[in-house]
Amino acid sequence: MKAKVSALRCVDLGFADPDKAAAFFTRAWNLDAVGEEAGVHLLRATGPFHHVLSIRKAAQPAMIRMVFDAADQTTVDTLHKQVAAHGLKTIDPPTTLRQPHGEYGFGFKDPEGRNIAIVCGVKDHADGADQPDRPRKVSHVNINAGDSDATLACYRDALGLKVSDTTRKFHFMTCNADHHNIVLGYSGGPTLNHIAFEMPDLESVMKGAGRMRDDGRGIEWGPGRHGPGNNVFCYFLGPEDMPIEYTAEMQQVDASYRPGTPEDWTWPSGRLDHWGITKGPSERIESAGLKINFTADGWRLDDWR
Ligand SMILES: [Fe+2]
């Protein structure tokens, strides 16, 4: 049986001014600092994952890596075989890791050069309860693909994600009960569309929007409720114009969920979400993600040492 990753655990970001970016994500975005080593900031959400964000120095803002969780070492080994069998050439062998990054895992580049890590055995936090107004985890990453078909095939066949819905613009993919953990756009890649952080409820999304306003950041899209996933949303530009989203109420799906097609997901004229109280995404946020690439130096699992 095909092995699959079980969660999107963490994203590794690069910023020209990592200290300033880390200050934003703690002070305004409501994550908590949980360590710093060799200039790399580690930030946690309220959920149990040891950290959901790492921030380090880069020449320009970059999406350096997406880290997925696997159930155990056997699953890591099987996923490694699947990645190799998919024809991907740039792959580390599974190896022992150093906490807090896990006990075992490997890294590889997807067909468009994005850095992916698959890990297991991270010593996570014992406390993981929701807290009002604070993100609980990374919800999903929405990436612009250059070759969407090749990227989709990799995430489906090598990582075991399933397509939960397809619209005229995006493939929504999941590895667990969340409707989507990864969203693949059809063009503009390989760049970032946005990173979404899951809040415990709508109230927290709205309070977060107010906090962004206090921080001098406008809402770039929202508040609204998406079609696929039925999640509420509000989008902002974070440090160095990193596109970020607060979301909540993500639809939970199981094997009985029937993926929709572009014909199933249409909006009445002038609408792009269920509520229709704001216009679509700003030009600023639509263009910002196109400048965030995945090709920063460093792809090995141990490159933070
Ligand atoms: Fe999103």
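Since we're looking at a predicted model, the values are computed, not measured.

Visitor: In this structure, what is going on with the overall build of the protein chain? I would like to understand it.
Guide: Per the secondary structure count, the protein chain includes five helices and 16 strands. Relative to the 2.2 N^0.38 estimate, which gives 19 Å for 305 residues, the radius of gyration of the protein chain is 18 Å and therefore close to what a compact globule would have. With respect to the principal axes defined by its C-alpha atoms, the protein chain has extents near 50 × 45 × 35 Å. Across the protein chain, every contact between residues at least 6 apart in sequence was considered, and the portion connecting residues at least 24 apart equals 68%.

Visitor: In this structure, what is going on with the sheet that holds strand 15 (residues 232–237)? I would like to understand it.
Guide: Across a sheet, paired strands are connected by hydrogen bonds in the backbone, their directions being either parallel or antiparallel. If you walk across this open sheet you meet the eight strands as 10-11-12-9-13-16-15-14, and the pairing is mixed. Each end of this open sheet is capped by a strand with a single partner; those strands are strand 10 (162–166) and strand 14 (221–225). For this sheet, the mean angle separating the axes of adjacent strands, direction not counted, is 20 degrees. Bridge count for strand 9 (residues 137–144) against strand 12 (residues 182–185) is four bridges, and the pairing is parallel. Directly across from Ile-143, in strand 12, lies its bridge partner Leu-184. Each of strand 10, strand 11 (170–174) and strand 12 is contacted by helix 3 (residues 148–157), which is oriented at about 160 degrees to strand 12, the strand it contacts most.

Visitor: What's the story with the domain arrangement of the protein chain in this structure? I'm lost.
Guide: How large an interface is tends to be reported as the accessible area lost when its parts come together. Domains assigned within the protein chain are domain 1 (7–120) and domain 2 (137–291). One C-alpha centre belongs to domain 1, the other to domain 2, and the line joining them spans 20 Å. For the side of domain 1 that touches domain 2, the secondary structure elements donating two or more residues are strand 1 (7–15), helix 1 (18–27), strand 5 (62–69) and helix 2 (73–85). Looking at the side of domain 1 that touches domain 2 residue by residue, the classes come out as 21 nonpolar, four polar and four charged.

Reading guide: rules and limits
- Residues numbered from 1 in each chain as written.
- Predicted model: local features only at pLDDT ≥ 70, side-chain atom pairs only at ≥ 80, totals over all residues.
- Helix = DSSP H or I, 4+ residues; strand = E, 2+ residues; numbered from the N terminus.
- Rg over C-alpha atoms; globule rule 2.2 N^0.38 Å.
- Contact = placed C-beta atoms within 7 Å.
- Pairing = 2+ DSSP bridges.
- Axes fitted to C-alpha atoms, helices over the stretch in contact; angles between N-to-C directions.
- Domains from an automatic or database assignment.
- Nonpolar A, V, L, I, M, F, W, Y, C, P; charged D, E, K, R; others polar.

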